[in-house]
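Commentary on secondary and tertiary structure
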Amino acid sequence: MNLFGHNGQWLMVDCGVTFDEPLDPKDAASGGRRFDVVSADPTFITQQPENLVGIVITHAHEDHIGALPYLWSRLKCPVYTTPYTAEILRRKLSRDGKQPNIPIIEVANNGMADIGHFNIKWMSITHSLPEPHALLIRTEAGTIFHTADWKIDSAPVTEQPFNQREFKQLGEQNILAMVCDSTNALRAGHSVSESACYSGLKQLISHAQGRVVVGCFSSNIARLITLAKIAAETGRYLALLGRSLLNTVGAAKATGHWPEDLIIIDAHHAGYLLPEEVLAVATGSQGEPRAALANLARDSYRDLSLDKGDLVIFSSIIIPGNEKPIENLVKALNARQIDTVMSEQTQLTIHASGHPCQEELKQMYQWVCPQVAVPTHGEDAHMLSNAQIAKSAQVPRTLTGKNGDLFMLAPNIGIRKSAVKTGRIPLNH
Ligand SMILES: [Zn+2]
Ligand SMILES: [Zn+2]
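Residues take numbers from 1 onward in each chain, read along the sequence in its written order. Starting at A for chains and at 1 for ligands, labels are handed out in the order in which the entities are written. Residue-level local features of this predicted model are given only where pLDDT is at least 70; pairs of side-chain atoms are given and counted only at 80 or more, and the full residue set underlies all totals for whole chains, interfaces and linings.

Turning our eyes to something else, we now look at helix α3 (residues 68-75). Every buried residue of α3 is listed here: Leu-68, Pro-69, Tyr-70, Leu-71 and Trp-72. Residues are treated as contacting if the C-beta atoms built from their backbones sit within 7 Å of each other. The helix and strand labels rest on DSSP assignments: H or I over at least four residues marks a helix, E over at least two residues marks a strand, and numbering proceeds from the N terminus. Buried residues along α3 sit against β4 (35-40), α2 (62-65), β6 (79-81), α4 (83-96) and β22 (424-427). One or two positions beyond α3, positive phi appears at Lys-76, with a value near 45°. With C-beta atoms placed from the backbone, a residue counts as buried when 20 or more other C-beta atoms lie within 10 Å of its own, as exposed when 12 or fewer do, and as partly exposed for counts between those limits.

One turn of an α-helix holds 3.6 residues; hence residues three or four places apart share an orientation. In a helix, the anticipated span is given by 1.5 Å times the number of residues less one. The end-to-end C-alpha distance of helix α7 (residues 221-233) is 18 Å, a good match for the 18 Å that 13 residues give at a rise of 1.5 Å each. Taken as a whole, α7 has its buried residues at Ile-221, Ala-222, Arg-223, Leu-224, Ile-225, Thr-226, Leu-227, Ala-228, Ile-230 and Ala-231. Residues of α7 that are buried in the fold lie against α6 (197-207), β13 (212-215), β14 (237-241), α8 (243-254) and β15 (278-282). Within two residues after α7, Gly-235 carries a phi angle of roughly 70°, on the positive side.

A few words now on the pairing of β13. Burial along β13 is two-sided: Val-212 and Val-214 and Val-213 and Gly-215, pointing in opposite directions, are all buried. DSSP calls a pair of strands paired once it identifies at least 2 bridges connecting them. With four bridges joining them, β13 and β15 adopt parallel strand pairing. For Val-213, the partnering residue across the bridge sits in β15 and is Ala-280. The pairing of β13 with strand β16 (residues 311-314) spans four bridges and is parallel. Looking at the pairing, Val-212 lines up with Leu-311 of β16.

Interfaces are often sized by the accessible area lost when the parts come together. Domain borders in the structure are assigned automatically or taken from a domain database. Taken domain by domain, the protein holds domain 1 (2-190 + 354-427) and domain 2 (194-342). When each unit is reduced to the centre of its C-alpha atoms, the spacing between domain 1 and domain 2 is 30 Å. Each partner contributes to the interface: domain 1 provides 16 residues, whereas domain 2 provides 15 residues. Under the grouping applied here, Gly and all other residues not named as nonpolar or charged are polar, the nonpolar ones being Ala, Val, Leu, Ile, Met, Phe, Trp, Tyr, Cys and Pro and the charged ones Asp, Glu, Lys and Arg. When the residues that make up the side of domain 1 that touches domain 2 are grouped by side-chain class, the tally is 10 nonpolar, three polar and three charged.

It is worth spelling out the sheet that holds strand β3 (residues 17-21) at this point. Taken in spatial order, the three strands make up an open sheet running β3-β4-β22, and their pairing is antiparallel. At either end of the open sheet lies a strand with only one pairing partner, and these are β3 and β22. Strand-to-strand twist of the sheet, defined as the mean angle between neighbouring strand axes without regard to direction, takes the value 40°. The sheet contact formed by β3 and β4 spans four bridges and is antiparallel. From the neighbouring strand, Val-17 faces β4, where its bridge partner is Ser-39. Lines fitted to the C-alpha atoms define the axes, with helices restricted to the stretch that makes contact. Angles between their N-to-C directions range from 0 to 180 degrees.

Structure, rendered in structure tokens:
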């Protein structure tokens, strides 16, 4: 949840959640009370909703969109986003029965909108789901390039490859500030392309004798397309196990992101197939106790039972904090002699991160040449590393701060510490 202010107006960019977290991040290790769904405390802006001119959602990941159904009644302003993200949002709203009347203004991919004193240009970028966008936020006081989540992917499977030219051109536009994703700023080198997962997954799946179940993030439509192709090539049928997978693929189909020739069978039929004909994708790669993988491990999934010799592939990473539930899930599978492969254990590429590593960050700073770098998205160490990279790329100023700090960009550059009282709030279903 970022707020950009100019001339008495505020623009919100993204409105996300985190799951199963305490309200104070410092309590994460100490076993303090956790809440299912947690968002940033929006009190600063909900006390002055008349000054909020719009909410822009850059892409459909939960950490960018998830709080909107809960908080919109306190914000009450138009939401601007592109078709796939809008489709995901509409599905969320109709499922939860919350605020069906949120005014969603659909902007074309690479489109533009005037929102109050802000002119917004959506810039297609590459990440790990359909329609990821960076933003160019233009005001009379200057132009901000907000990267949102991104990587440089020359073969992203869905949509167009990363378009260098667009970002190089920003170097001639006198960009005042670049607000930039820090998630992988501690990792050297360059991220792996999404398309590189094909050969690793194909190798594992084509050598498997029994059923194969792949755990992956349900938002990663490119990974699902890769798996659907591999199913067709290896004589297997692809089934989706878990509500969130059906939801994202439904949204991808509705907005033209799912190739029509790739068949998905009804999960009810998967149990009737020969084991060597089954390729299922399942939710729950982070060990979530109610998701499909956990039910498969307990043999309590209605549509499918796994047996000795079947294979579960984790086409995902262990998100820090989820080590224990994932370990328990793997143990439960292995106890039933179901084989498991995790991306951390194999030399094969079976997962690709959606965030930029150090070389990509440096490259982007060199192209865009902003006057100021403002690292976001990550913990302190990630943001500090991102700032170091900006400096090494000759960005004159870097601003790193904490939630609630005000970053002043014009006419003078500086930080007003703790300008806004903020924190975390639990959201209730
Ligand atoms: Zn994100
Ligand atoms: Zn994302």
